[in-house]
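Fold and contact review
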Amino acid sequence: MGRAKLPRKSTSIDMTAMCDVAFLLLSFFILTTKFKPSEAIAVTIPKSVAAKVAPQKDFVEIIFDKDGKVFLTMDDEQKKESIANALNSTRNLGIDVQKFKTALFIGAPFEQLKSYLETPEDQRKGNLLPGIPVKDSSNNQLITWMTLVRDAYQGGKAPNILVKGDNAAKFPAFKSVITAFKKNDFMKFQMITNPEGVPVGTDLWKKMQAGEKREE
């Protein structure tokens, strides 16, 4: 006697749970993604042949625009907190430490720093700000800023010093920045330039292929 054949049933997979998970992940990434803010300081950097990528961590960057205005930015919030506390204790500025830590860059004299930090971030545009005073050799406040940076990093790894200058800037602005470095024994720094003729296969070439443009 032959075996009875069981009727075949079509396979059905319920994808409802999978769709829910996919949409939850999509929602998570949309809500948590931080978009790069637009540049608040307009700087046209010079071109150069480069093959190295500028450091993305533990950096202190000095920016000066075509008018010679100087700005300072750094990525380590703990070091920024140390600097803010030092300013409050030595200069009695009364600045908000938390606002100083989260500020994208500093672009005002010491005496205006408190009001500068109270200005909404989206209104801090380079063309509207005075910048850090450097043009008067007797009042080059960047020297003090670099002293604060040096003290904040004391006993640990030295920061990567970056300089981003506008191609149309005059030499005195650059000289004032270099003077501030020398006064604090920062003898090594890296220039941010616009890469040209980047060798294929180098780290910078790979970064540019991925859409990143920061370079040394």
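For the structure, check the block above.
Residues numbered from 1 in each chain as written. Predicted model: local features only at pLDDT ≥ 70, side-chain atom pairs only at ≥ 80, totals over all residues. Heavy atoms only, no water.

Section: the overall build of the protein chain
The secondary structure content of the protein chain amounts to seven helices and six strands. Secondary structure elements in the protein chain, listed N-terminal to C-terminal, are α-β-β-β-α-α-α-α-β-α-β-β-α. Residues counted as buried form 36% of the 216 residues belonging to the protein chain. For the protein chain, contacts bridging at least 24 residues in sequence account for 63% of all contacts bridging at least 6. Approximately 14,200 Å² of the protein chain is accessible, and the part contributed by carbon and sulfur atoms is 55%. (Helix = DSSP H or I, 4+ residues; strand = E, 2+ residues; numbered from the N terminus. Buried < 20%, exposed > 50% of the residue type's maximum accessible area, 1.4 Å probe, protein only. Contact = heavy atoms within 4.5 Å. Areas by Shrake-Rupley, 256 points an atom, 1.4 Å probe, with all protein chains shown as cover.)

Quick look at the nonpolar core
Leu87, Phe100, Leu113, Leu142 and Trp145 are the most contacted members of the largest nonpolar core, which has 48 residues in total. Elements with a minimum of two residues in this core: strand S2 (59–64), strand S3 (70–74), helix H2 (77–91), helix H4 (113–118), helix H5 (141–152), strand S4 (160–165) and helix H6 (171–183). Top contributing element to this core by residue count: H5, with six residues. With residues near it in sequence (within four places) discarded, Leu87 still touches Asn92, Leu93, Ile95, Phe100, Phe110, Leu113, Trp145 and Leu148. (Core = buried A, V, L, I, M, F, W, Y, C linked by side-chain atoms within 4.5 Å.)

Some thoughts on the pairing of S2
When you tally the buried positions in S2, you get six out of six residues, the bulk of the element. Bridge count between S2 and S4: six bridges; the pairing is parallel. The residue of S4 that forms the bridge with Ile62 is Val163. The pairing of S2 with S3 spans five bridges and is classified as antiparallel. Across the sheet, the residue bridging to Ile62 is Leu72, located in S3. Connecting the antiparallel pair S2 and S3 is a turn made up of five residues, with Gly68 showing a positive phi of about 85°. (Pairing = 2+ DSSP bridges.)

Details of empty space enclosed by the protein
For the structure on display, the rule yields one cavity of 30 Å³ or more. Estimates place the volume of the largest cavity at around 50 Å³. Residue lining of the largest cavity: Leu72, Thr73, Met74, Lys80, Phe100, Ala103, Leu104, Phe105 and Ile106, and that is the complete set. In terms of residues, the lining of the largest cavity owes the most to one element, S3, which gives three residues. (1 Å grid on protein atoms, 1.4 Å probe; cavity = no way out; pocket = protein on both sides within 12 Å on 5 of 7 lines; lining within 4 Å. Points joined across faces, edges and corners; volume = space filled by probe spheres on them.)

Overview of unusual backbone geometry
Unusually for a residue other than glycine, Asn92 sits at a positive phi of about 55°. Relative to the helices and strands, Asn92 is located in the loop between H2 and helix H3 (97–102). A residue is classified by how much of its surface remains accessible, and Asn92, at 68% relative accessible area, is exposed. With phi around 60°, Asp185 is a residue other than glycine that occupies positive phi space. On the secondary structure map, Asp185 appears in the loop between H6 and strand S5 (190–191). What makes Asp185 exposed here is its relative accessible area of 59%.

All quantities given are derived from atomic positions and should not be read as evidence of function.
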